[in-house]
Amino acid sequence: MFENPVVKFDDLNQQQSRSWYKAQIKDAKIHIKGSFYKDSICYENNIAAFRLVELLKLNTHDDLFLKDIASVLKNLRGHYSFIIETPYITIAAVDRIRTYPIYYSEHKNVFISNSASIIQKECGLKNIDNLSHLEFRMSGFVTDRNTLFSGLYQLLPGEFVYY
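This one's a predicted model, so the numbers in the text were calculated from it and none came from an experiment.

A. Local environment of the sheet that holds strand S1 (residues 6-8). In spatial order, the strands read S1-S8-S7-S9; together these 4 strands make up an open sheet with mixed pairing. The open sheet terminates on both sides in strands that have one partner only, identified here as S1 and strand S9 (153-154). Two elements, strand S7 (residues 103-105) and strand S8 (residues 111-113), share 3 bridges in a ladder whose sense is antiparallel. Bridge pairing in S8 links Tyr104 to Ile112. Across the sheet, helix H3 (residues 116-123) touches S1, S7 and S8, and the angle it forms with S8 is around 155 degrees.

Here it is, written out as structure tokens:
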């Protein structure tokens, strides 16, 4: 079993039009980029962070089940990625087209980041995945959640992970 996941961000990667918004709500740390719609209302930045905590019931000690997370995320529309850390659970999710990618590794401990290079350096991931390398050479991209480096993964469109 893994210890609490380590979440690290590439704050230098803010040349894009919008950077990651960070908030602390009670014992939950929320990192979100982009915006989402729920019931025809657009949420972004601190309002989005509060709404996610409310939707996912992270401000209570109720048991949170996989189906509850999936149900909430299934009904969100928009272009977003987020990572929420609490003492009980860490959730990372991307929208249906993976507008803002999230990477992770389960090498000794769980690392989650918006930057593949940060995880690669933190975990010492230097081995090229031969199948992914072949896929990249033949098609220009890597399929599934794999990346060019063994042990470094990416969330697929519409996917979430939790630890």
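Once you've had a look at it, read on.
B. Broad picture of a nonpolar patch on the surface. On the surface, Leu131, Leu134 and Met138 cluster together to form a nonpolar patch covering roughly 340 Å² of accessible area. With respect to the element layout, Leu131 can be found in helix H4 (residues 130-139).

C. Expanded view of the pattern of salt bridges. Under the counting rule described, the total for this entry stands at 2 salt bridges. Between Glu54 and Arg51 there is a salt bridge, with the nearest N and O atoms lying 2.1 Å from each other. A residue pair is termed a helical-turn pair when its members lie 3 or 4 positions apart in one helix, as Glu54 and Arg51 do in helix H1 (residues 45-55) at 3 residues. Note on Glu54: relative accessible area 47%, which makes it partly exposed.

D. Focus on the side chain of Ser113. Residue placement: Ser113 occurs in strand S8. Engagement of the side chain of Ser113 in a polar contact is seen with the side chain of Asn114, the distance being 3.4 Å.

E. Spotlight on the packing of aromatic side chains. Evaluated as defined, the whole model comprises 5 aromatic pairs. On the basis of an interplanar angle of 75 degrees and a centroid distance of 6.1 Å, the ring pair of Phe36 and Tyr80 is categorised as edge-to-face. Of this pair, Phe36 sits in strand S3 (residues 28-38) while Tyr80 sits in strand S5 (residues 77-85), placing them 44 residues apart in sequence. For the pair shown, Phe36 and Tyr80 are each scored as buried. Chaining the aromatic ring pairs together yields one cluster made of Phe36, Tyr43, Tyr80 and Phe82.

Rules used throughout
- Residues numbered from 1 in each chain as written.
- Predicted model: local features only at pLDDT ≥ 70, side-chain atom pairs only at ≥ 80, totals over all residues.
- Heavy atoms only, no water.
- Pairing = 2+ DSSP bridges.
- Helix = DSSP H or I, 4+ residues; strand = E, 2+ residues; numbered from the N terminus.
- Contact = heavy atoms within 4.5 Å.
- Axes fitted to C-alpha atoms, helices over the stretch in contact; angles between N-to-C directions.
- Patch = residues over 30% accessible without salt bridge, like charges linked within 9 Å, V, L, I, M, F, W, Y side chains within 5 Å.
- Areas by Shrake-Rupley, 256 points an atom, 1.4 Å probe, with all protein chains shown as cover.
- Salt bridge = Lys/Arg side-chain N within 4 Å of Asp/Glu carboxyl O.
- Buried < 20%, exposed > 50% of the residue type's maximum accessible area, 1.4 Å probe, protein only.
- Polar contact = N/O pair within 3.5 Å; in protein donor to acceptor, adjacent residues only side chain to side chain.
- Phe/Tyr/Trp six-rings, centres within 6.5 Å; stacked < 30°, edge-to-face > 60°.

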